[in-house]
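If you want the building blocks of each chain, they are given just below.
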There are 2 protein chains.
Amino acid sequence: MPKSKTGRPTIVDVADRAGVSRATASRALSSYGRINPETAKLVRAAAEAIGYRPNELARAMRAGKSKTIGLVIIADFTNAFFDRVTKSIVDSARGLGYQVLITNTDEDIAAERSAVETLIEKQVDGLIVVPSTSAVHDHLSNESLNGKPVVLVDRRLNGIRATTVITEDFVGCELAVRHAYSLGHRRMAFLVATASVKGMSTERPAMLISSVEDRTNGFLQGASECGIKPKAQSWMFCEDAPEISEAAVAKLLDTAKPPTIIFTSNNDMCLAVLKVAGNRRMIIGQDLSLVTVDDSQWAAAMVPGITVVSRPVELVGRLAVEKLVAQMQDSTLAPEKISLPTELIARQSVANLILRPELDPLFKD
Amino acid sequence: MPKSKTGRPTIVDVADRAGVSRATASRALSSYGRINPETAKLVRAAAEAIGYRPNELARAMRAGKSKTIGLVIIADFTNAFFDRVTKSIVDSARGLGYQVLITNTDEDIAAERSAVETLIEKQVDGLIVVPSTSAVHDHLSNESLNGKPVVLVDRRLNGIRATTVITEDFVGCELAVRHAYSLGHRRMAFLVATASVKGMSTERPAMLISSVEDRTNGFLQGASECGIKPKAQSWMFCEDAPEISEAAVAKLLDTAKPPTIIFTSNNDMCLAVLKVAGNRRMIIGQDLSLVTVDDSQWAAAMVPGITVVSRPVELVGRLAVEKLVAQMQDSTLAPEKISLPTELIARQSVANLILRPELDPLFKD
DNA sequence: AGAATTTGCGAGAACGTTCTCGCAAATCTT
DNA sequence: AAGATTTGCGAGAACGTTCTCGCAAATTCT
């Protein structure tokens with residue numbers, strides 16, 4: 001039995017066994033064109049008999065479509081985003097008949113460049129990208145991608161015509177602050193992770209990833225609406241690294257008028273607060289309150305449960321795939337900017353200072 | 001300027017522009033065979049000028065190798081395994097010049113079958129599989145894979161000649177029990193997640209995934225070594241679903257002689273314990289002790305920190321890729337069974353009943 | 001200087017598909 | 001019954017590479 005180079009039987013083997021030509025075999029198996037139902041049956045039997053499986057690479061070559069989506073993502077596994085959105089993307093893609101080629105950038109723009117390059121060389125039909133910086137995006141231009149559609153996820157990029165799926169982090173964070181205010185919190189600290197800062201800084205950097213920017217602005221807006229004066233707000237922007245973020249938390253706590261609550265921009269920062277508070281025997285939800293962005297199993301299961309701004313991560317992934325596939329099928333489709341609602345999930349990590357004002361370390365009666 | 005079907009310039013375009021033949025252009029760009037250095041320079045310039053990028057699909061076709069690895073995994077994102085091992089695999093593969101096609105099975109054997117099928121059709125050069133069940137594996141036989149190597153990860157499969165990378169869960173769990181014993185724990189409960197059981201059962205099911213089996217046996221061995229009598233052990237095997245596992249925890253706690261400690265087989269079960277304990281206002285590390293398998297950021301940052309059996313997940317991923325690539329390059333290589341050491345990380349979730357015997361609910365003085 | 005070797009390059013095949021085209025046989029017209 | 005149409009199928013090209021082979025020109029040998 002003649003086999004192909006790769007060891008697998010090819011359509012020629014099927015054709016030979018069925019006593020027909022390559023063309024007829026192909027017609028029978030892919031059911032197109034004119035073919036005698038009898039012959040078709042014969043061919044299918046032959047294919048079955050020798051265990052024929054089509055070579056999708058050859059198909060892709062011929063068709064000019066690989067039925068593959070490239071995913072360029074930040075495999076930052078503490079972030080509770082990567083894993084959920086990846087799963088969602090992989091599953092949704094599969095449902096639409098696409099496979100996913102995944103690459104990781106670790107927030108590095110050079111890695112992102114080369115990842116996009118590689119995926120294009122592998123002839124993916126489209127890309128889903130979580131861009132690592134908003135500063136640079138020439139590698140996502142129409143030509144670099146030679147017309148292949150791209151969907152941006154989690155982060156906006158200015159000056160690029162691409163469908164974007166993000167979440168209403170601004171609203172969520174604004175709401176979070178108002179929630180805390182309604183429970184009596186007046187001195188608030190904000191801990192924001194960003195790659196634009198080396199170490200830590202109390203100054204807001206000029207450039208922030210759009211999602212981080214939205215969160216920052218949301219916090220600010222909420223604070224301003226509640227009439228929290230700037231001097232009652234303490235801000236810290238820092239690198240996303242354990243030692244640094246823990247030091248930043250310490251800085252926030254070690255002041256004459258320490259905050260009653262810390263809002264963190266992501267789960268890494270939240271864990272830093274948890275750790276430092278734990279070391280100092282401070283009880284979350286009592287001695288110190290805490291709100292973060294992104295829900296997770298552990299945030300819900302912990303005691304106290306962490307109050308979070310929850311984002312519809314699975315939906316983000318699904319929509320990204322659906323929009324991408326739609327554009328692959330119709331390249332005239334206009335790009336969309338989609339922003340999905342967030343939700344504040346109140347748990348027990350925010351103390352009620354109205355009912356228990358004595359929890360404020362500055363409380364005197 | 002003539003462009004290919006896909007819109008990108010092809011090597012023919014490069015050749016035309018450099019005024020040479022396809023063959024020469026190819027030689028110049030891939031640097032093989034005999035070629036005049038001057039011509040090579042010329043060709044490279046031409047390629048640069050028109051922005052030529054090779055079509056890896058065509059290359060793969062020709063070479064019979066796609067430089068792609070297929071990953072079949074359970075995207076169970078609460079398990080702290082999927083995300084870390086995936087990242088490790090993607091990064092390691094990239095380092096060796098391979099891309100990763102990822103598919104998710106959700107522990108479903110039919111999905112696994114079809115995933116393997118699809119990946120083979122996409123002509124991956126090899127597979128990394130986290131098998132969803134140990135009962136079936138004909139889809140991983142040499143013929144189904146038509147000679148493509150496969151590396152099994154996290155779970156053994158009997159009767160299959162494939163390199164396997166697992167961890168010493170047995171030893172880790174045995175150690176965990178001894179650790180608890182040394183801190184005075186005598187009544188122990190074990191909560192094991194398994195798909196072999198509908199709902200929950202105190203009986204050990206006949207068939208367990210190998211890693212779960214190892215953990216179960218490790219717990220048993222530890223208990224037996226410490227002389228913990230069967231009646232002082234309570235066991236619960238249950239489905240990996242929140243409602244069920246939480247009910248299972250409740251069952252374990254609601255007895256005349258409740259355990260002082262619960263050992264859980266994975267993070268989902270751990271979270272269930274956390275949740276139920278929290279609802280009952282039981283404090284982990286005091287009213288109830290807890291040990292689980294698999295470390296995570298949150299287990300470390302929580303108060304109290306959760307004592308865990310830590311597995312070298314990144315190493316698992318890296319070795320899986322390295323072994324797979326080695327076999328792809330030399331198909332005569334014998335399969336290896338690799339078992340990597342685990343480590344017990346003691347934190348504060350296990351109470352010291354020797355120092356504080358009064359923490360045992362059955363303590364009387 | 002003539003023979004032997006080396007060098008550089010192009011023609012063409014191959015990888016495994018799909019699809020266009022044409023042709024013969026079968027079927028349908030009137 | 002003779003033309004018109006339909007049906008079923010095979011030959012061959014194409015997708016974009018790489019690689020074998022042969023051939024002419026350039027170089028080295030004696």
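Given the structure is predicted, the values throughout are model-derived calculations rather than measurements. (Residues numbered from 1 in each chain as written. Chains lettered and ligands numbered in written order. Predicted model: local features only at pLDDT ≥ 70, side-chain atom pairs only at ≥ 80, totals over all residues. Heavy atoms only, no water.)

**Observations concerning unusual backbone geometry**
Cis geometry is found at the peptide bond from valine 303 of chain A to proline 304 of chain A, where omega equals -5°. Locating proline 304 of chain A in the fold gives a position in the loop between α11 (297–301) and β11 (307–310). A positive phi angle, near 50°, is found at aspartate 106 of chain B, a position not held by glycine. With respect to the secondary-structure elements, aspartate 106 of chain B resides in the loop between β2 (99–104) and α6 (109–121). The exposure class assigned to aspartate 106 of chain B is partly exposed, which follows from its relative accessible area of 43%. Not every positive phi belongs to a glycine, and aspartate 294 of chain B is a case in point at roughly 90°. In this structure, aspartate 294 of chain B sits in the loop between β10 (289–293) and α11 (297–301). (Helix = DSSP H or I, 4+ residues; strand = E, 2+ residues; numbered from the N terminus. Buried < 20%, exposed > 50% of the residue type's maximum accessible area, 1.4 Å probe, protein only.)

**Examining the sheet that holds strand β1 (residues 68–73) of chain A**
In space, the 12 strands of this open sheet follow the order β12(A)-β5(A)-β4(A)-β3(A)-β1(A)-β2(A)-β2(B)-β1(B)-β3(B)-β4(B)-β5(B)-β12(B), with mixed pairing throughout. Looking at the sheet topology across the chains shown, the edges are occupied by β12 (337–340) of chain A together with β12 (337–340) of chain B. Neighbouring strand axes in the sheet, compared pairwise and without regard to direction, differ in orientation by 20° on average. Bridge count between strand β5 (residues 163–167) of chain A and β12 of chain A: 4 bridges; the pairing is parallel. When the bridges of β12 of chain A are listed, threonine 164 of chain A appears paired with lysine 337 of chain A. (Pairing = 2+ DSSP bridges. Axes fitted to C-alpha atoms, helices over the stretch in contact; angles between N-to-C directions.)

**Quick look at the relation of the copies chain B and chain A**
Between chain B and chain A, which share one sequence, the superposing operator has a rotation angle of 180° and an axial displacement of 0.0 Å; the RMSD is 0.0 Å. Expressed as a symmetry operation, the mapping of one chain copy onto the other fits a two-fold axis. Minimal C-alpha separation from the rotation axis in chain B is found for leucine 101 of chain B, amounting to 2.2 Å. Comparing interface residues between copies, 98% of those in chain B also sit at the interface in chain A, which points to an isologous, same-surface contact. (Least-squares fit on C-alpha atoms with pLDDT ≥ 70 in both. Contact = heavy atoms within 4.5 Å.)

**Details of the packing of helix α7 (residues 169–182) of chain A against helix α8 (residues 210–225) of chain A**
Residue and element names in this part refer to chain A. With their axes 7 Å apart at the nearest point, α7 and α8 run at an angle of 35° to one another. Crossing hand, α7 versus α8: right-handed. Contacts between α7 and α8 involve Asp169, Phe170, Cys173, Glu174, Val177 and Arg178 on the former and, on the latter, Ser211, Asp214, Arg215, Asn217, Gly218, Phe219, Gln221, Gly222, Ala223 and Glu225. Split by residue class, the contact of α7 with α8 holds 5 nonpolar, 5 polar and 6 charged. (Left-handed = near helix turned anticlockwise from the far one by under 90°. Nonpolar A, V, L, I, M, F, W, Y, C, P; charged D, E, K, R; others polar.)

**What about the interface of chain B and chain A?**
With 57 residues of chain B at the contact, the number on the chain A side is 56 residues. A combined buried area of about 5400 Å² lies between chain B and chain A, and 60% of that area is made up of carbon and sulfur atoms. At the boundary of chain B and chain A, one finds 6 salt bridges. Measuring nitrogen to oxygen at the nearest pair gives 3.5 Å for the salt bridge that ties glutamate 117 of chain A to arginine 53 of chain B. At the surface where chain B touches chain A, the tally comes to 20 residue pairs in polar contact (both at pLDDT 80 or more). (Buried area = accessible area lost by both parts, 1.4 Å probe. Salt bridge = Lys/Arg side-chain N within 4 Å of Asp/Glu carboxyl O. Polar contact = N/O pair within 3.5 Å; in protein donor to acceptor, adjacent residues only side chain to side chain.)

**A short note on the pattern of salt bridges**
Residue and element names in this part refer to chain A. In the structure shown here, the tally under the stated rule is 46 salt bridges over all chains. With a closest N to O distance of 3.2 Å, glutamate 107 and arginine 155 form a salt bridge. With glutamate 107 in the loop between β2 (99–104) and α6 (109–121) and arginine 155 in the loop between β4 (150–153) and β5, this pair connects stretches of sequence that are 48 residues apart. Among the residues examined, arginine 155 registers a relative accessible area of 10% and is labelled buried. Its salt-bridge partner being arginine 178, residue glutamate 225 comes within 2.8 Å of it at the nearest N-O pair. Of this pair, glutamate 225 sits in helix α8 while arginine 178 sits in helix α7, and the two are 47 residues apart along the sequence. On the basis of relative accessible area, glutamate 225 is assigned to the partly exposed category, the value being 36%. Within this structure, Glu107, Asp154, Arg155, Asp169, Arg215, Asp294 and Arg311 form a network of salt bridges that share partners.

**A short note on the packing of aromatic side chains**
Evaluation of the coordinates by the stated rule reveals 12 aromatic pairs over all chains. For the ring pair phenylalanine 190 of chain A and tryptophan 235 of chain A, a centre distance of 4.3 Å and an interplane angle of 20° mean the geometry is stacked. Taken as a pair, phenylalanine 190 of chain A in strand β6 (residues 188–193) and tryptophan 235 of chain A in strand β8 (residues 233–238) lie far apart in primary sequence, 45 residues in all. Of the two residues examined, phenylalanine 190 of chain A and tryptophan 235 of chain A, each falls in the buried class. Taking the centre distance of 5.1 Å and the plane angle of 15° together, the rings of phenylalanine 190 of chain B and phenylalanine 263 of chain B count as stacked. In this pair, phenylalanine 190 of chain B is assigned in strand β6 (residues 188–193) and phenylalanine 263 of chain B in strand β9 (residues 261–264), connecting sequence segments 73 residues apart. For phenylalanine 190 of chain B, a relative accessible area of 0% translates into the label buried. Of the residues examined, phenylalanine 263 of chain B reaches a relative accessible area of 0% and is grouped as buried. An aromatic cluster of three or more residues is present, and its members are Phe190, Phe219, Trp235, Phe237 and Phe263 of chain A. (Phe/Tyr/Trp six-rings, centres within 6.5 Å; stacked < 30°, edge-to-face > 60°.)

**A short note on the domain arrangement of chain A**
Looking at chain A, the domain boundaries give domain 1 (11–54), domain 2 (66–167 + 313–341) and domain 3 (169–310 + 345–359). Computed over C-alpha atoms only, the centres of domain 1 of chain A and domain 2 of chain A are separated by 38 Å. (Domains from an automatic or database assignment.)

**Details of a positive patch on the surface**
Positive charge collects at one region of the surface, where Lys229, Lys231, Lys257 and Lys364 of chain A lie side by side. Take lysine 229 of chain A: it is sitting in the loop between α8 and β8. (Patch = residues over 30% accessible without salt bridge, like charges linked within 9 Å, V, L, I, M, F, W, Y side chains within 5 Å. Areas by Shrake-Rupley, 256 points an atom, 1.4 Å probe, with all protein chains shown as cover. Lys, Arg positive; Asp, Glu negative; His and termini not counted. Charge placed at Lys NZ, Arg CZ, Asp CG, Glu CD.)

**Details of the sheet that holds strand β10 (residues 289–293) of chain A**
Hydrogen bonding along the main chain pairs the strands of a sheet, whether they run parallel or antiparallel. All names here are of chain A. Taken in spatial order, the 7 strands line up as β7-β8-β6-β9-β10-β11-β13 in an open sheet, and their pairing is mixed. Taken across any chain shown, the strands that pair with only one partner, and hence form the sheet edges, are β7 (200–201) and β13 (343–345). Sheet analysis places β7 next to β8, joined by 2 bridges and oriented antiparallel. Bridge pairing links methionine 200 to cysteine 238 in β8. Docked against the sheet, α8 engages β6, β8, β9 (261–264) and β10, running at close to 175° with respect to β8. Against the sheet, helix α10 (residues 267–279) contacts β6, β8, β9 and β10, and its axis sits at roughly 160° relative to β10.

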